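Now for the letters of each chain:
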Amino acid sequence: MDSVESNNIVNDFLHSTIEKYKKKLPDITDSINYPIKNVQRIKYTCFDVSKSLIAFGATSGGIYIFNRSPCEFVQLIPSKDGAITRLSISTDEKHIAFANGRGIITIIKCDQSLMGSHTTVTSKEHQGNEVTSIVWSNNNTLFASDDIGQISILQLQSFIAKTMFQSSSQIIMSLDSRVCQLDVKGCMLLVSTLTRCYICDTSQEQYRQIGHKLRDGEFGACFVNRDKCLENGSILNQDFKEIKTYNIVDDNEKFAVGKDLQDTLIYSARPSSRLWEANIDGTVRRTHQFKQVLARKPMTVLSIDAYNNQKMCLDGLDIDGEGQAINFSKICSLNCVIFSYKKDALYFLDIHDDENTVWFDTYKDIIGCKIYHDLLYLWLANGTVVNLRFMDIEKFLITSYIDEKYLLCTELCALYSDYLLSKNLSTKLHVLAGLREKVEATQIKSIEKVIEKFEKLKANDATQMKSGIYVVDNTYFAQTSLNNGNENAKPNDDNVFGTLPPEALQTLKDLSVSVTDKLSSSKKILKEKWEEMKQLSVEKQTVQEFNLPKKIACEEPIELTTPIEFDNDIIYKESSPKTIEIDNNSLESDKVCKLLYQYFRLSLVGKETDDTNLISVIESHACDISEVHQLMLLLEQYCLSIGALEESKFVSNNIFLTYLKISSRKVDFLDSIINDDVLYKYFVDSCISVNMKNQKLYNLSCECGFPLPFSTTNQTPIFAELIDEFIEKQWSSHTRNQCYEMCKRMPYLWRKILYLRRNEDLLNVLRLLLQMLDESLLHSFLPQFTLDTWDRAIQLFATLHANMCLNCNKKFNHMSVKETLSWDDIGGLMLKTIGGRNAIKLMEKHANLIEAGELTMMFYHSCILASMYEKYDVTITCRLTDALYSCYRFVDSRLEICNLLRSSLTGQIRNTALPIVVAAKTIHWGLSPLTETILPSDDNVSEQILIKDASIDEIIDNLPQITKGVTDCILCGLPLQNEVLMKDGGLWVFKCGHTFHGACLSLNKLKLCLSCSIKV
């Protein structure tokens, strides 16, 4: 089969990642988007992948850290420097480098000590320019480039005796155009710009151009090992040294490279789907042309569903039209091929045999791609993160066999039989001989020769252990060794037990690690204390705590009951038991504070937190509310020590109130707080802190102590239930003056005071009630309003309307009362309590207090209609007033109300219903009006859902939706949308939402809803 032979499955498969032990990966997209799913203004901008982490930069300046496997959110690193544009995790995962839109690069280092103080280093070499690439070497050196061709180096050097890291940053190269890609291998740096490609020897501080022909566009370049695929580069420890600007050398002068780089090649992208292959010294060896081979149809990605159903499609090998002329803007080494991508395609370029090149067009709108070993992480424009694995046929066959996909495994062996029979296969493939017992004999016939070859491999796969024991037919090791890409690997103590699950093996390893950690714990603690005592020699910037997740959980500090032994070159004095006890107490306090701070950080990003954990952490360190208060003070100091200066008080206040809220001893704690001046002050300050952190509050109370109107008085505060309960206890314990003092600082609490005084004469609290300027609060007191109360309220509101305090008549200018509560609003409240006639009489009585035009026709029309409707239904006034006030802003509704009044000049109405045009534009008349969503112009404001100004035709077309599924008139049984009946008298709606033909109502002379009357 020639087509199969030509593709040999060196044409590797690309398929969705499937675990070795039938364990399906979780939905990585949901996990990645979880921290920002409820925050529309925050979007991810870039990402990076490392051995155990995935990191995403965001428009907010924050970095969201996830475990790579399993994918779960673990940490947020906040930043105030603006949106992040580039992000890179160091190879040892101890540093994260990121750049913002201003071209400033920052590196954060993460310490694992209990004190948790973390430092950052900032480089401003590229300030004002766009940072185009960031790449780490294996010796804590960061290389960065920008859009004007500058390359900078930032070196970090750690010292054992100092809790800091020094840095040195400088521009080392200034090239002619924008840098497209950087790559590092040992001491060699590869730079690809819009026009040229350069190889740089960082140890010699020299660089030279690769090739002579120029280009114009985005082209990538990368290092590749000649005989073995490049994964993470080789580790080369260089000394920290002074940085100098690098010099360019002549084309005829070659670099002297070490043995570790002799097998390294350079691949540089060229126009029209070409790659230059060059030696490590920059000499071009040959050109690879992929244009024609990319004329083939794209391959199909093997999805999890296809894999589970054992169906694979390989019909994409035929030539389809002309070749593709691609500019490979980013390239990298992946499983002995060169990988590249663009917005709508993935390319796998075989540098050993061009004919084995494949490409895929499965995913559209690709905006980013990162690689770790043979795993690909694609980030799409819609926010989806796709996790893929690129596998060769031998790995894939064993994987499918282990996963019991025997039919698929057999079909692949048949499809690639020529390749399997002609090549020297790994001895690990001997496990596939078991297909004889797994599939039917008729299917085995087509691969009989392949099975025989697998059986011969079985005899060669006996491995001798150190103990002299030979291990044969180890299926588990066959799979793991292939997945690790090590054909010559021998079984060790971890994999010799092939039938033992990996979880059990990990448990054994964890046990040994745990014992080792406990033995070295004393040494580690002394070492950390030694580091803290050293004088820092450079200026450093502390930031909020950030701990990278570890596979093995930290052990509890063990009690130091024996003398501490340390390295021989450190002189020490044995600590007394008293000193050790104090030190342990300090460490324990630091640990508790660290746990509380992490609880707070997770709660900020919406991650679910376990309240029982918070209670257990606090109560393990504090027995009563006084000790809880002391712990909060320690937490505040801890926040200061890790650099969280701005939120130090807020964190402790938030934790304090959260604990009180969920504690089973809340009642006793509140009593203790009221009776203790120190605790009382801390509680009040905590309430203020958590509610006023992001608000600019001023002039909250008048000089006379009376509360002033404020726009936030109707906002429910955080911990509202706890604060209300506290106020009630104060009020009942006759400490009302303290309540008033607290209310002056938190305007919302005046609402609670009014509630507690609800049984007093309304005239005694009327000034306070009106000055709160809260319409919903006024509604709750409406049943107590009489003609005399409203008479006094109108006089007081006239004073308040002029922006004057109702207690001392002093002017306030922080807000406009006219724009908050109008005379029409006051008139509507009056109408609901004393009726339309009395409302108009009172307004006429105090006409001299009301400016011309302050009372509109909406008030008068509502009063007139209410006066007529309440003759037949005394309960209709409130609902009618709300309905008329809410729909009066629509022109067609307003005209219908005027027509209704004109038809009732005699003071008589036909019924208590409203026309459909009026009723369908309010939520207060029993219908479901059509709505529309208004997107905010301000990021801090959420979208609004408003009633739509629908035409009569649009209302009729959507009538079943508006009437909640009712389509027929109950009186006549005909559809409500009957054109003849609608033209005759229209549609009319009662307050309950029941809709009738107007002609039917007139014919039956009904004043009230027939349906509701029948139910009654």
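Per chain, the residues get numbers from 1 upward, laid out in the order the sequence is written. Reporting of local features is limited, given that this is a predicted model, to residues whose pLDDT is at least 70; pairs of side-chain atoms are given and counted only at 80 or more, and all residues count toward the totals for whole chains, interfaces and linings. Remark: hydrogens and water are excluded; side-chain values derive from all non-hydrogen atoms of the structure.

## Concerning helix α25 (residues 857-869)
Inference 1: In a regular helix each residue adds 1.5 Å, so 13 residues correspond to 18 Å; α25 covers 18 Å between its end C-alpha atoms and thus fits that length.
Inference 2: Exposure classes here rest on a 1.4 Å probe applied to the protein chains alone. A residue is buried below 20% of its type maximum, exposed above 50%, and partly exposed in between. Secondary structure elements are taken from DSSP: a helix is a run of H or I of four residues or more, a strand is a run of E of two residues or more, and numbering for both begins at the N terminus. Most of α25 is tucked away, with 10 of its 13 residues classed as buried.
Inference 3: Residues of α25 that are buried: M858, F859, H861, S862, C863, L865, A866, S867, M868 and Y869.
Inference 4: Contacts were defined at the residue level, with two residues in contact if any of their heavy atoms lie within 4.5 Å. For α25, the secondary structure elements touched by its buried residues are α24 (823-845), α26 (877-887), α27 (891-902) and β33 (914-915). Every helix has an expected span of 1.5 Å times one less than the residues it contains.

## What to know about the packing of aromatic side chains
Inference 1: In this scheme Phe, Tyr and Trp rings, the latter by its six-membered ring, pair at centre separations within 6.5 Å, and the angle between planes marks the pair as stacked below 30 degrees, edge-to-face above 60, and tilted otherwise. Under the definition given, this model contains 28 aromatic pairs.
Inference 2: Taking the centre distance of 5.6 Å and the plane angle of 75° together, the rings of Y44 and Y64 count as edge-to-face. Of this pair, Y44 sits in strand β2 (residues 44-49) while Y64 sits in strand β4 (residues 63-67), and the two are 20 residues apart along the sequence. Neither residue differs from the other here; Y44 and Y64 are each classed as buried.
Inference 3: Aromatic side chains Y307 and F396 sit 6.1 Å apart centroid to centroid with 65° between the ring planes, which places their arrangement in the edge-to-face category. Pair noted here: Y307 is in helix α3 (residues 304-308) and F396 is in helix α4 (residues 393-402), with a separation of 89 residues, a long-range link. Note on accessibility: Y307 and F396 belong to one class, buried.
Inference 4: Ring pairs connect the aromatic residues Y44, F47, F56, Y64, F66, F73 and W379, which therefore count as one cluster.

## Things to note about the packing of helix α21 (residues 762-771) against helix α23 (residues 787-801)
Inference 1: Contact pair α21 / α23: the axes reach a minimum separation of 10 Å and the direction vectors enclose 35°. With respect to the hand of their crossing, α21 and α23 are arranged in right-handed fashion. Where α21 abuts α23, its residues L762, L763, L766, R767, L770 and Q771 lie against T789, R792, A793, L796, F797 and L800.
Inference 2: All residues other than Ala, Val, Leu, Ile, Met, Phe, Trp, Tyr, Cys, Pro, Asp, Glu, Lys and Arg, Gly among them, are scored as polar; the first ten of these are nonpolar and the last four charged. By residue class, the composition of the contact of α21 with α23 is eight nonpolar, two polar and two charged. Interaxial angles span 0 to 180 degrees and are taken between N-to-C directions of axes, which are lines fitted to C-alpha atoms, for helices over the stretch in contact. Put simply, a crossing is left-handed when the front helix is turned counterclockwise from the back one by less than a right angle, and right-handed when it is turned clockwise.

## Quick notes on the pattern of salt bridges
Inference 1: Salt bridges are defined by distance alone: a side-chain nitrogen of Lys or Arg within 4 Å of a carboxyl oxygen of Asp or Glu. Under the definition given, this model contains 22 salt bridges.
Inference 2: Among the ionic pairs, R178 bridges to E130, the shortest N-O distance being 3.2 Å. Taken together, the residues span a long stretch of sequence, with R178 in the loop between β13 (165-174) and β14 (179-185) and E130 in the loop between β9 (118-123) and β10 (131-136) at a distance of 48 residues.
Inference 3: On the basis of relative accessible area, R178 is assigned to the partly exposed category, the value being 21%.
Inference 4: One salt bridge in this structure joins D685 and K681, with 2.9 Å as the shortest N-O distance. Separated by four residues within a single helix, D685 and K681 lie in helix α17 (residues 677-692), roughly one turn from each other.
Inference 5: For K681, a relative accessible area of 54% puts it in the exposed group.
Inference 6: A network of salt bridges, in which partner residues are shared, links E130, R178 and E218.

## Things to note about the pairing of strand β23 (residues 331-334)
Inference 1: The sheet contact formed by β23 and strand β24 (residues 337-342) spans four bridges and is antiparallel. Among the inter-strand pairings, S333 is bridged to a residue of β24, identified as I338.
Inference 2: Between the end of β23 and the start of β24, which pair antiparallel, lie two residues, with N335 showing a positive phi angle near 50°. If DSSP finds at least two bridges between two strands, the strands pair.

## So, the packing of α25 against α27
Inference 1: Closest axis-to-axis distance for the α25/α27 pair is 11 Å, and the angle between their directions is 50°. When the axes of α25 and α27 are compared, the pair comes out oblique. At the point where α25 passes α27, the crossing takes the left-handed sense. Between α25, through H861, I864, L865, M868 and Y869, and α27, the contact on the second element is made entirely by I897, C898, L900 and L901.
Inference 2: Residue composition of the contact of α25 with α27, by class: eight nonpolar, one polar and no charged. Should an angle fall under 35 degrees it is called roughly parallel, over 145 degrees roughly antiparallel, and 65 to 115 degrees roughly perpendicular, with every other angle called oblique.

## Some points on the sheet that holds strand β36 (residues 987-989)
Inference 1: The antiparallel open sheet is built from three strands, whose spatial order is β33-β36-β37. Edge strands, defined here as strands with exactly one partner in the open sheet, are β33 and β37 (995-997).
Inference 2: Here β33 pairs with β36 via two bridges, running antiparallel. Bridge pairing in β36 links L914 to V989.

## Let's talk about the side chain of K453
Inference 1: Relative to the assigned elements, K453 resides in helix α9 (residues 448-459).
Inference 2: Neither His nor the chain ends is counted toward charge; the positive residues are Lys and Arg and the negative residues Asp and Glu. Salt bridges are absent for the buried K453, whose nearest opposite-charge side chain, E394, sits at 8.4 Å.
Inference 3: Excluding anything up to four places from it in sequence, K453 contacts L420, L421, S422, K423 and L425.

## Overview of the state of the cysteines
Inference 1: Note on terminology: pairs of cysteine sulfur atoms within 2.5 Å are recorded as disulfides. Enumeration over the complete set of coordinates arrives at zero disulfides.
Inference 2: In this structure C639 is a free cysteine whose sulfur lies 7.9 Å from that of C593, the closest cysteine sulfur available.
Inference 3: Residue C639 is classed as buried on the basis of its relative accessible area, which comes to 0%.
Inference 4: The thiol sulfur of C992 is not disulfide-bonded, and the nearest other cysteine sulfur, from C1012, lies at 3.2 Å.

## So, the side chain of R215
Inference 1: With respect to the helices, strands and loops of the structure, R215 is situated in the loop between β17 (206-209) and β18 (221-225).
Inference 2: Notably, R215 is buried but unbridged: the nearest opposite-charge side chain belongs to D216, and the N-O separation is 8.5 Å.
Inference 3: Counting of polar contacts relies on pairs of N or O atoms within 3.5 Å, with two restrictions inside protein: one atom must be capable of donating a hydrogen and the other of accepting it, and residues adjacent in sequence are counted only when both atoms are side-chain atoms. From its side chain, R215 meets the backbone oxygen of A269 in a polar contact 2.7 Å long.
Inference 4: In this structure, R215 is in contact with S192, T193, L194, T195, R196, C197, S268, A269, R270 and P271, ignoring residues within four places of it in sequence.

## Observations concerning the confidence of the model for the chain
Inference 1: Values of pLDDT, which run from 0 to 100, indicate the predictor's confidence residue by residue. Mean pLDDT over the chain works out to 77, with 74% of the residues at or above the 70 mark.
Inference 2: Scored below 50 in pLDDT, residues 485-524 makes 46 contacts in the model with residues more than four places away or belonging to other chains.

## Remarks on the environment of E437
Inference 1: Along the chain, E437 falls in helix α7 (residues 435-438).
Inference 2: Residue E437 is classed as exposed on the basis of its relative accessible area, which comes to 65%.
Inference 3: Separated by 31 residues in sequence, E437 and Y406 have C-alpha atoms that sit 10.0 Å apart.

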